[in-house]
Amino acid sequence: MGKIANQEIIDRLNAKFSQQIETISEPYGLLTFETSTALISEVLAFLKTDPELKFNYLTDITAVHYPEKKEALGVIYHLHSLTNNVRVRIKVFITTANPNIPTATTLWEGANWMERETFDFFGINFTGHPNLVRILNVDDMTVFPMRREYQLEDPNRIDKKDYFFGR
Amino acid sequence: MSKFITETTPNRPVYYDNDPQGDLTTLNLGPTHPATHGVFQNVLQMDGERIVSGVSTIGYIHRAFEKIAEHRPFYQITTLTDRMNYCSSPINNMGWHMTVEKLLGIEMPKRVDYLRVIVMELSRITDHLICNGILGVDTGAFTGFLYLMEEREHIYEIFEEICGARLTTNIGRIGGFERDFNDIAFAKIEKFLAKFPPVLKEFETLFNRNRIFIERTSGVGAVDPETALNYSWSGPILRATGVDYDVRANEPYSSYQDFDFEIPVGTTGDVYDRFILRNEEMWQSLRIIEQAMEKLKKEPKGIFHADVPEFYLPPKEKVYNNMEALIYHFKIVMGEVDTPKTEVYHAVEGGNGELGFYLINDGGRTPYRLHFRRPSFINYQMYAPMSGGMLLSDAIINMSSLNIIAGELDA
């Protein structure tokens, strides 16, 4: 579909960031890689402004929580190059103790609410964000409800436990 | 764009020293206001009729769909997607089904794809009908709205014939449809295809060259393409600015590549452009439905789901009488089916733009994480900044033409 092959994107990123692009995979053809909090701003800026790649469209920012991992929180960016019609997915993993990551609002205004939503649900602190307050949940909420430790329902309920379903 | 209110101490605006004489008024537009068509609150700072700055407060109907989805098997998540953009819920339903089908690698029969295209384009028409009808009401023209609502009713009757429901449809299943379209459904689609064009033509005659309407809408909320892309806009409002991004054309799903249709684009991105563009999209949707009806005649009859017994819920008669169907039913409901441990992003062109489903699967009974990229949520964040400097009445029609659906905004 895309006019630029995934391998070419990887080559360009590696040339620029000297092999600091990790864990490259292509689930269903969508190039996915990991990078670090130190590099994420530069990687996003490079992808956005590179005259060949032109990932000028920020599709989405979200997060995921893997409580059993050391770096438990993953921030996930989906970028889209409208001219080349190709997408990439970038992941940055950070710890729950230090959930800081630079904001993308300096590159895209649209990142503002996406980051607020991610902060609201996962407690990820986007440093440099102009107005990082809760957006969908009530203001006086004290927890970050999409983290895995928060149950959907009364934790004393046992009738919906997975072991009843063979898992 | 306004710079005055930039901070909220949780959602209460902080006024900087932009009002030394105390001339400005604070106006709460919403949360429930007859002109906003949904639960939207905007705290506006007004200088007479003119908005100086504003802050949007959202989340009034937040229902934690992403959290609920982590506790539900795949086939039960369809009903959650209904309640996001409830003006075009079949698109949401099928977007979700196609996401799971992509995850599982299911090859869909062409006939199912075409049936889906028909339903999705019909629901796109309902979505645009609502938006343009309401825009007419907000500019003071009630007649067009009534004409259109009658046609919307006919589309809902088609949905009723296909799945039994009208608004929150829960239409289809993972792997296809729960039952084939009956003859009455096809007859109703044919009737709609014959009856709708004159009505839409009449509606366009009422508005397109109407001087009052043009003066009311033209130039209001004009957005240039760079700003729109910077704010990650998608859908009709992005195309009205002149960017030809449509998921149906960029990444065809459900065999959209088999159809001949155009992606209309606007020039200035104002309310008038969005209105014209939505009308044009309805004509294109009609074209697609007509083509799909033609293509269906060449497809073998009676195929309404893919042959994937391990993922497609069998009909109840079979479950009660057939051992294999019972086993599959049990395995699907109890989550015994193995699914790939990977992640998938699938986008469809919803009524308001790119509706994305990002699914991280760990092979379990439920998604490990499911994120909805909701176009209304992302489109709406520009509303408060762009309202700065507008007249209040212009801000109202601007909101109508953004077509923000509260359910999709808050999820």
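Treat the numbers as computed from the prediction; the structure is a model and nothing was measured.

Calculation criteria
Residues numbered from 1 in each chain as written. Chains lettered and ligands numbered in written order. Predicted model: local features only at pLDDT ≥ 70, side-chain atom pairs only at ≥ 80, totals over all residues. Heavy atoms only, no water. UniProt positions renumbered as here; feature names shortened; annotations may be inferred. Helix = DSSP H or I, 4+ residues; strand = E, 2+ residues; numbered from the N terminus. Phe/Tyr/Trp six-rings, centres within 6.5 Å; stacked < 30°, edge-to-face > 60°. Buried < 20%, exposed > 50% of the residue type's maximum accessible area, 1.4 Å probe, protein only. Lys NZ or Arg CZ within 6 Å of the ring centre and 35° of its normal. 1 Å grid on protein atoms, 1.4 Å probe; cavity = no way out; pocket = protein on both sides within 12 Å on 5 of 7 lines; lining within 4 Å. Points joined across faces, edges and corners; volume = space filled by probe spheres on them. Nonpolar A, V, L, I, M, F, W, Y, C, P; charged D, E, K, R; others polar. Pairing = 2+ DSSP bridges. Axes fitted to C-alpha atoms, helices over the stretch in contact; angles between N-to-C directions. pLDDT = per-residue confidence, 0-100. Contact = heavy atoms within 4.5 Å. Core = buried A, V, L, I, M, F, W, Y, C linked by side-chain atoms within 4.5 Å. Domains from an automatic or database assignment. Buried area = accessible area lost by both parts, 1.4 Å probe. Salt bridge = Lys/Arg side-chain N within 4 Å of Asp/Glu carboxyl O. Polar contact = N/O pair within 3.5 Å; in protein donor to acceptor, adjacent residues only side chain to side chain.

## Overview of the UniProt feature "domain: NADH-quinone oxidoreductase subunit D" (unreviewed entry) in chain B
Logical step 1: This chain's UniProt record puts "domain: NADH-quinone oxidoreductase subunit D" (unreviewed entry) on residues 138–410 of chain B.
Logical step 2: The span residues 138–410 of chain B is 52% helical and 7% strand by assignment, and the distance between its end C-alpha atoms comes to 23 Å.

## Considering the packing of aromatic side chains
Logical step 1: In total, this model carries 27 aromatic pairs over all chains according to the counting rule given.
Logical step 2: Considering the side-chain rings of phenylalanine 192 of chain B and phenylalanine 196 of chain B, the 4.9 Å spacing of their centres and the 15° angle between planes classify their relative orientation as stacked. With phenylalanine 192 of chain B and phenylalanine 196 of chain B both in helix α6 (residues 183–207) and four residues apart, this pair spans about one turn of that helix.
Logical step 3: For phenylalanine 196 of chain B, a relative accessible area of 0% puts it in the buried group.
Logical step 4: Grouped by ring-pair contacts, the aromatic residues Trp113 of chain A together with Phe40, Phe377, Tyr380 and Tyr383 of chain B constitute a single cluster.
Logical step 5: Sitting over the face of the ring of phenylalanine 93 of chain A, lysine 69 of chain A holds its NZ or CZ atom 5.1 Å from the ring centroid.
Logical step 6: Its end group placed over the ring of tyrosine 256 of chain B, arginine 248 of chain B keeps NZ or CZ at 6.0 Å from the ring centre.

## Examining empty space enclosed by the protein
Logical step 1: Here the structure, examined in full by the defined rule, presents three cavities of 30 Å³ or more.
Logical step 2: Approximately 190 Å³ is the volume found for the largest cavity.
Logical step 3: What lines the largest cavity is a set of 15 residues, among which Phe74, Phe311, Ile332, Val337 and Thr339 of chain B lie closest to the centre.
Logical step 4: Secondary structure elements with two or more residues in the lining of the largest cavity: α2 (74–82), α3 (89–104) and α13 (323–334) of chain B.
Logical step 5: Considered as a void within the structure, the second largest cavity measures approximately 40 Å³ in volume.
Logical step 6: Lining the second largest cavity we find Ile61, Thr62, Ala63, Glu117, Thr118, Phe121 and Phe122 of chain A together with Glu66, Arg369 and His371 of chain B.
Logical step 7: Where the lining of the second largest cavity is concerned, the elements lending two or more residues are β3 (57–65) and α3 (111–122) of chain A together with β8 (369–373) of chain B.
Logical step 8: Per element, the largest residue contribution to the lining of the second largest cavity is four residues, and it comes from α3 of chain A.
Logical step 9: A breakdown of the residues in the lining of the second largest cavity according to their chemical character gives four nonpolar, three polar and three charged.

## Focus: the sheet that holds strand β5 (residues 50–57) of chain B
All names here are of chain B.
Logical step 1: Taken in spatial order, the three strands line up as β3-β4-β5 in an open sheet, and their pairing is antiparallel. Edge positions in the sheet fall to β3 (25–29) and β5, since each of these pairs with one other strand and no more. When the angles between neighbouring strand axes are averaged without regard to direction, this sheet yields 25°.
Logical step 2: The pairing of strand β4 (residues 41–47) with β5 spans seven bridges and is antiparallel. Looking across to β5, one finds that glutamine 41 is bridged to threonine 57.

## Points about the confidence of the model for chain B
Logical step 1: Confidence in the prediction of chain B, expressed as mean pLDDT, is 89, and 95% of residues score 70 or more.
Logical step 2: Predicted complex, confidence summary: ipTM 0.91, pTM 0.91.

## Regarding the sheet that holds strand β1 (residues 22–25) of chain A
All names here are of chain A.
Logical step 1: One open sheet accounts for five strands, arranged β1-β2-β5-β4-β3; its pairing is mixed. Looking at strand neighbours, the two that pair on one side only are β1 and β3, the edges of this open sheet. Strand-to-strand twist of the sheet, defined as the mean angle between neighbouring strand axes without regard to direction, takes the value 20°.
Logical step 2: Pairing between β1 and strand β2 (residues 31–35): two bridges, direction antiparallel. The partner of glutamate 22 across the bridge, within β2, is glutamate 34.
Logical step 3: Strands in contact with helix α1 (residues 6–17) are β1, β2 and β5 (86–94); relative to β2, the strand with the most contacts, it is inclined by about 20°.

## A word on the nonpolar core
Logical step 1: Counting residues in hydrophobic clusters, the biggest one holds 174 residues, and the most contacted among them are Ile9, Leu47, Tyr77 and Ile90 of chain A together with Trp233 of chain B.
Logical step 2: Among the elements that take part in this core, helix α4 (residues 110–138) of chain B stands out by supplying 13 residues, more than any other.
Logical step 3: Two domains each put at least three residues into this core: domain 1 (8–57) and domain 2 (65–308 + 337–410) of chain B.
Logical step 4: What tryptophan 233 of chain B contacts, discounting residues up to four positions off in sequence, is Tyr57 of chain A together with Val223, Ala228, Leu238, Arg274, Ile378, Asn379, Met382, Met386 and Leu402 of chain B.

## As for the interface of chain A and chain B
Logical step 1: Taken together, the contacts link 55 residues of chain A with 55 residues of chain B.
Logical step 2: Interface area for chain A against chain B, summed over the two sides, is near 4,600 Å², with a carbon-plus-sulfur share of 52%.
Logical step 3: Inspection of the chain A/chain B interface yields six salt bridges.
Logical step 4: Its salt-bridge partner being arginine 148 of chain A, residue glutamate 70 of chain B comes within 3.1 Å of it at the nearest N-O pair.
Logical step 5: Counting every contact that joins chain A to chain B gives 26 residue pairs in polar contact (both at pLDDT 80 or more).
Logical step 6: For the side of chain A that touches chain B, the elements supplying multiple residues, two or more each, are β3, β4 (73–81), β5 and α3 of chain A.
Logical step 7: It is β3 of chain A that provides the largest number of residues to the side of chain A that touches chain B, a total of nine residues.
Logical step 8: Across the side of chain A that touches chain B, the residue classes break down as 27 nonpolar, 14 polar and 14 charged.

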